[in-house]
Amino acid sequence: MLNPELRDMAEAPRKPLQQVDKPADLKIILLGDSAVGKSKLMERFLLDDYVPHQLSTYALTLYRYTTPHPRPRQNPPEKLEIDFWDTAGQERFQSMHASYYMGAHACILVFDVTRKVTYKNLDQWYDELTGHRGIKMPVIVVANKIDMDPSRASKSFAFVEKRRLERGGSPDDLPFYFVSAADGSNVVTIFRDAIQRAVEFKERIASEGAGTFVDDVLNFIAEEEKRPDGLFSGRAPEAGTQQAAGPKIPSSAAVS
Ligand SMILES: Nc1nc2c(ncn2[C@@H]2O[C@H](COP(=O)(O)OP(=O)(O)O)[C@@H](O)[C@H]2O)c(=O)[nH]1
Ligand SMILES: [Mg+2]
């Protein structure tokens, strides 16, 4: 059976579905306006290592990437499978499918330093993301195309400061990078950082258990099941999934 998230997103996939039957250990999503360079960054990172387990559709490109665990518990290190989700032509906030955000462990949020509007829109992308996933979700903020205007690297970008404060003010939180998919600057760094933070986030939600991720998912499912047209077929749930109206399923009853 195909993972329902993927079945839902994918239309007429060209690659054998068996390749993505089992969800990966981590899910990392890319967000940001159209043409900011998300796909180019992805391609640049995977340049050498990429084994084409790719599911391409009009809505989604899924890249499955395998890497040694950054904090191995065994020798040799266990492998970590990561699904990177990249949009293809859907990049308008509020138009993204809820499934895109669901279960994500980190987000790479990209804007284009040469187009101010893509920076302004970070707020909407961020609100939409945290509406689905909560503010503890690791987010890496990326200013791409710095090769086109290196002087931008000396400018300040208030978005990060403002949001970092909201998130608790830790200087290590909400990292911000200038990158270039064209010349490769910082590309590996942002993906490595995202993977590291995704691993930590997953460990944290596993140890915290109910009240975070599990509740999030259960509430989401409860909401979707109330809809006449079925699970994942409608628009995204209201921002703040954990507080969403509707029946709260007791964890013991729902997880079986
Ligand atoms: N100069 C420059 N161009 C870039 C860079 N990254 C992407 N582009 C160009 O920007 C356009 C949009 O890139 P794409 O990856 O398709 O953007 P997406 O819609 O966010 O996936 C393409 O023409 C890319 O070649 C970069 O770092 N520097
Ligand atoms: Mg793209």
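Going by an unreviewed UniProt entry, the chain carries the name P-loop containing nucleoside triphosphate hydrolase protein and comes from Polyrhizophydium stewartii.

Peer 1: Would you mind showing me how to read the site of ligand 1 here?
Peer 2: The environment of ligand 1 is made up of 14 residues, and the closest members are Gly37, Lys38, Ser39, Lys40 and Ala182. In terms of residue count, helix α2 (residues 38-46) provides more of the shell around ligand 1 than any other element does, three residues in total. Considering only residue class, the shell around ligand 1 consists of five nonpolar, five polar and four charged.

Peer 1: Got a minute to help me understand α2 in this structure?
Peer 2: Every α-helical turn comprises 3.6 residues, leaving residues that sit three or four positions apart pointing alike. Considered for burial, the residues of α2 that qualify are Lys38, Leu41, Met42 and Phe45. Projection of α2 onto a plane perpendicular to its axis shows the buried side chains occupying an angular sector of 100°, all on one side.

Peer 1: Can you walk me through the nonpolar core in this structure?
Peer 2: Soluble globular proteins: nonpolar side chains tend toward being buried together. If you look at the biggest cluster of nonpolar residues, it comprises 53 residues, and the most contacted ones within it are Ile28, Cys107, Ile108 and Leu109. Among all residues touching Ile108, those that are not within four sequence positions of it are Ile28, Leu30, Ile140, Val142, Ile190 and Ala194.

Peer 1: What should I look at first to understand the packing of α2 against helix α7 (residues 187-208) in this one?
Peer 2: For any two helices packed against each other, one specifies the crossing angle of their axes together with the interaxial distance. Contact geometry for α2 and α7: axes closest at 9 Å, N-to-C directions at 90°. For the element pair α2 / α7, the angle class is roughly perpendicular. Of the residues in α7, those in contact with Leu41, Arg44 and Phe45 of α2 are Val187, Val188 and Phe191. Per-class residue counts for the contact of α2 with α7 are five nonpolar, no polar and one charged.

So, how was this worked out
- Along each chain, residue indices are assigned from 1 in the same order as the chain's sequence is written.
- Chains and ligands are labelled sequentially in the order written, the chains with letters from A and the ligands with numbers from 1.
- In keeping with the model being predicted, local features are shown solely for residues with a pLDDT of at least 70 and side-chain atom pairs are shown and tallied solely at 80 or more, while totals for entire chains, interfaces and linings include all residues.
- As a rule, any residue with its backbone-derived C-beta atom within 6 Å of a molecule or strand is reported as near that molecule or strand.
- What counts as a helix is a DSSP run of H or I of at least four residues, what counts as a strand is a run of E of at least two, and both are numbered from the N terminus.
- Classification convention: Asp, Glu, Lys, Arg as charged; Ala, Val, Leu, Ile, Met, Phe, Trp, Tyr, Cys, Pro as nonpolar; all other residues, Gly among them, as polar.
- To assign burial, the other C-beta atoms lying within 10 Å of each residue's own C-beta are counted, with C-beta atoms placed from the backbone; 20 or more indicates buried, 12 or fewer indicates exposed, and intermediate counts indicate partly exposed.
- Working note: the arc is built from the helix axis to C-beta atom directions.
- What makes a nonpolar core is a set of buried Ala, Val, Leu, Ile, Met, Phe, Trp, Tyr and Cys residues, with links drawn between C-beta atoms within 7 Å.
- We call two residues in contact when their backbone-placed C-beta atoms lie within 7 Å.
- Helix axes use the C-alpha atoms of the stretch in contact, all axes being lines fitted to C-alpha atoms, and the angles between their N-to-C directions lie in the range 0 to 180 degrees.
- The cut-offs work like this: below 35 degrees is roughly parallel, past 145 is roughly antiparallel, 65 to 115 is roughly perpendicular, and the gaps in between are oblique.

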